[in-house]
Amino acid sequence: MTVVPVLTGDDFAAALPKWEEADCVAVLPLPGLAGVAVSLSGDGGKRAYLYDVRAAAYQGDYHALLSALFGPTVKKIAHGVKELCRALLDEGIQPEGFVFDTELAAYLLDPTAGSYELRKLAVSYFKKEVEQSAAYKEKDAFSLLDDGLKAQAAWYEDTAWIEAFYELFKPKLEEYGLLPVLADIELPLCPVLARMERAGVLVDGQALADFGRQLQLGIDALQAEIYGLAGEEFNILSPKQLGHILFDKLGLPPVKKTKTGYSTNAEVLEKLRPRHEIVGRVLDYRQLTKLNSTYVEGLGKVIDADGRIHTSFQNTVTATGRLSSAEPNLQNIPVRTPLGSEMRKMFVAPKGKVLVDADYSQIELRLLAHMSGDGAMIGGFNSGVDIHTVTASQVFGLPQDAVPPELRRAAKAVNFGIVYGISAFSLSEDIHVTVAQAKEYMEKYFEHYSGVRSYMDRVVAQGREDGFVSTLYGRRRWLPELKSSNFNTRSFGERVALNMPIQGTAADIIKIAMIGVNRKLKEKQMKSRLVLQVHDELLIEAYQPELSEVKEILREEMEKAVSLDVPLEVDMHTGENWYEAK
């Protein structure tokens, strides 16, 4: 290996054509883009040159160097492209030209591994410590370094591993049909996510603090009520102390015991709610304290100087391909309760802008209709009738115009439960009927939607034979659990086999929509921007004069992201805050 220091503009002028002519180069930045290693492979795949570029030592225009290196003319492989895009955007550089991401490739090949740190992958795939790996020695990462360069070995070593994993992972992705998922979905999404992270979401800090004070008043009032009903003061959030009050002192029947005593989880308390008013108060107390500590106080601590919260979108975490949000998790803002929904009022549009929320309507059920090929379900969606009302009509034997709201809700639980492989017992718990009634409802459902039952049987059987299930786009999840001799493990595998193809396809579709929306906004040089994604929902901060065009772009890109046997529909609302827009 030849290490080439790039110290001057002339050095860079000599290097750039070689980078541009290469099939691809491996790039590895130092933190803060303080330097970049650029590895250029030679004949036979052996590394020929490793360019060492340091901001502190470079005598030319370092920003111009980075702009050229990370522009469209140099084809690059990297490990963690999204984070690199974020760093480049922070420096005012538009990231382009990435053709492979070894981190994303490792994730696509093993989506449940949990960690894709470069050196851990080296140990996992080559079964030896990094410094002793045969594959590593083939890359000459240490053997050709002179003593003066030994101090740089870790940096150069990691660059060698990026090359090694590119050579290993690319054929595997091709073999498994996963290369289009990387090239057409995951890689183009990286700069989109980086831009969203940089944009952040504006938060009304004063309103958040006021809401916290209101919650604390409610918490204090509930605490006093609970103490009065218990006849003593105790730590309400302590399972042991609460168990003593409920079961020893008040004599409520224990529902479940754990190794440490009585269980007081939410499921247990819901069953005990009708037996004593203290139980409902405790559940309300838990809700308010969690809302206050996790969301009001938690979010208040992470509002940046610009008044915005900048979450991190994680694209290598979930086994289904869904994005997750961390530091803080903005996808977990509660919306099912009135108080939880109030939290969305804290996320606001800046002056001159408005928030636009676009949410796929029943996308998982629409995907179930398409993937199962069930004629009745496809016909229902194509006729525009409410699918839950249709299901209620069939399951409960009523005309559609005579279905009451409570039976529509029950049918909705059946519809979505089927997608997740729900059992009759779990369904009975959800809709408060006997297990026998729930089983009867499911049987009637499958009588009407017979194609769904056939599809479910087919998916599980195919998954057992292949060892994996996949989305419409080919994203895979491996399922050795399907062949387990343990009933619970095998049942888990069957539920995952039913859910992953649908939920994973929904995740792929919204990623495609995000790429399209971002592209249109950039092409038209609009001031509006994507700021948040929550599963099937996109949030745009729209510049007021662009509002009508933004809504057109959102609808078109989301509804035409994929062609199915049933139409994709988007619910869209606008508002001064996220609550109004939702």
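Anything mentioned here points back to the structure above.
Source: prediction; values computed, not measured.

Conventions and cut-offs
Residues numbered from 1 in each chain as written. Predicted model: local features only at pLDDT ≥ 70, side-chain atom pairs only at ≥ 80, totals over all residues. Heavy atoms only, no water. Helix = DSSP H or I, 4+ residues; strand = E, 2+ residues; numbered from the N terminus. Buried < 20%, exposed > 50% of the residue type's maximum accessible area, 1.4 Å probe, protein only. Contact = heavy atoms within 4.5 Å. Areas by Shrake-Rupley, 256 points an atom, 1.4 Å probe, with all protein chains shown as cover. Lys, Arg positive; Asp, Glu negative; His and termini not counted. Charge placed at Lys NZ, Arg CZ, Asp CG, Glu CD. Phe/Tyr/Trp six-rings, centres within 6.5 Å; stacked < 30°, edge-to-face > 60°. Polar contact = N/O pair within 3.5 Å; in protein donor to acceptor, adjacent residues only side chain to side chain. Salt bridge = Lys/Arg side-chain N within 4 Å of Asp/Glu carboxyl O. Core = buried A, V, L, I, M, F, W, Y, C linked by side-chain atoms within 4.5 Å. Pairing = 2+ DSSP bridges. Axes fitted to C-alpha atoms, helices over the stretch in contact; angles between N-to-C directions. Arc of directions from axis to C-beta.

Things to note about the overall build of the protein
No. 1: Along the protein, the regular secondary structure elements total 23 helices and 18 strands.
No. 2: For the protein, the spread of C-alpha atoms along the three principal axes comes to 80 × 60 × 55 Å.
No. 3: Looking at the protein as a whole, 52% of its 582 residues qualify as buried.
No. 4: Counted over contacts in the protein with a minimum sequence separation of 6, partners at least 24 positions apart contribute 65%.
No. 5: Counting only carbon and sulfur atoms, one obtains 50% of the accessible surface of the protein, whose full area is about 26000 Å².
No. 6: Computing the positive centroid from 65 side-chain charges and the negative centroid from 80, the protein places the two 4 Å apart.

Digging into the packing of aromatic side chains
No. 1: The final tally for this structure, using the stated rule, is 19 aromatic pairs.
No. 2: With a centroid separation of 6.1 Å and an interplanar angle of 35°, the aromatic rings of F70 and F98 are classed as tilted. Residue F70 is located in the loop between α2 (62–69) and β5 (76–78), and its partner F98 is located in strand β6 (residues 98–101); the two are separated by 28 residues in the primary sequence. Both residues of the pair, F70 and F98, count as buried.

Observations concerning the environment of L16
No. 1: Residue placement: L16 occurs in helix α1 (residues 9–21).
No. 2: Note on L16: relative accessible area 17%, which makes it buried.
No. 3: A sequence separation of 57 residues divides L16 from T73, and the C-alpha atoms of the two residues are 9.6 Å apart.
No. 4: Those residues within four positions of L16 in sequence are excluded, and the remaining contacts are A68 and V74.

Observations regarding the pairing of strand β13 (residues 353–360)
No. 1: Counting buried residues along β13, eight of its eight residues qualify, which places the element largely inside the surrounding structure.
No. 2: Residues K353, L355, D357 and D359 of β13 are buried on one face, and the alternating residues V354, V356, A358 and Y360, pointing to the opposite face, are buried as well.

Quick word on the environment of D306
No. 1: Within the secondary structure, D306 is located in the loop between α12 (277–301) and β10 (308–309).
No. 2: Side chain to side chain, D306 and H310 meet in a polar contact 2.8 Å long.

A short note on the pattern of salt bridges
No. 1: Counted according to the given criterion, the structure contains 36 salt bridges.
No. 2: Taking the shortest distance from any N to any O, the salt bridge between R119 and E157 comes out at 3.0 Å. Taken together, the residues span a long stretch of sequence, with R119 in helix α5 (residues 118–126) and E157 in helix α7 (residues 153–175) at a distance of 38 residues.
No. 3: Judged by relative accessible area, E157 falls into the buried class, the value being 2%.
No. 4: Among the ionic pairs, R344 bridges to E537, the shortest N-O distance being 3.1 Å. Taken together, the residues span a long stretch of sequence, with R344 in the loop between α13 (338–342) and β13 and E537 in strand β17 (residues 537–543) at a distance of 193 residues. For the pair R344 and E537, one class covers both residues: buried.
No. 5: Salt bridges sharing common partners tie together K82, E83, R86, D90, E197 and R198.

Concerning the nonpolar core
No. 1: With 123 residues, the main nonpolar core has F347, Y360, L368, Y445 and L554 as its most contacted residues.
No. 2: Looking at this core, the element that brings in the most residues is helix α21 (residues 487–523), giving 13 residues.
No. 3: When residues no more than four places from it in sequence are discounted, the contact partners of F347 are V201, L202, V203, L299, I309, L330, I333, L355, N577 and W578.
No. 4: Residues A22, L28, L104 and A105 belong to the second largest nonpolar core, which totals 62 residues.

A look at the sheet that holds strand β16 (residues 529–534)
No. 1: Here four strands make up an open sheet; going across it, the order is β16-β17-β13-β18 and the pairing antiparallel. For this open sheet the edge positions go to β16 and β18 (570–575), each flanked by a neighbour on one side alone. Averaged over all adjacent pairs, the angle separating strand axes in this sheet is 20°, with direction ignored.
No. 2: Sheet analysis places β16 next to β17, joined by five bridges and oriented antiparallel. Following the sheet pairing, L532 is matched in β17 by L539.

Some remarks on unusual backbone geometry
No. 1: In this structure, the amide linkage connecting E327 to the following residue, P328, adopts the cis form with an omega of 0°.
No. 2: With respect to the element layout, P328 can be found in the loop between β12 (324–326) and α13.
No. 3: Phi at E327 is positive, roughly 55°, even though this residue is not glycine.
No. 4: Relative to the helices and strands, E327 resides in the loop between β12 and α13.

So, helix α18 (residues 424–431)
No. 1: Restricting attention to buried positions, one finds in α18 the residues A424, L427, S428 and I431. The buried residues of α18 occupy an angular sector of 105° when the element is viewed end-on, so they sit on one face.
No. 2: On its buried side, α18 packs onto α17 (405–419) and α19 (435–448).
No. 3: Looking one or two residues beyond α18, the residue adopting positive phi is H432, at roughly 60°.

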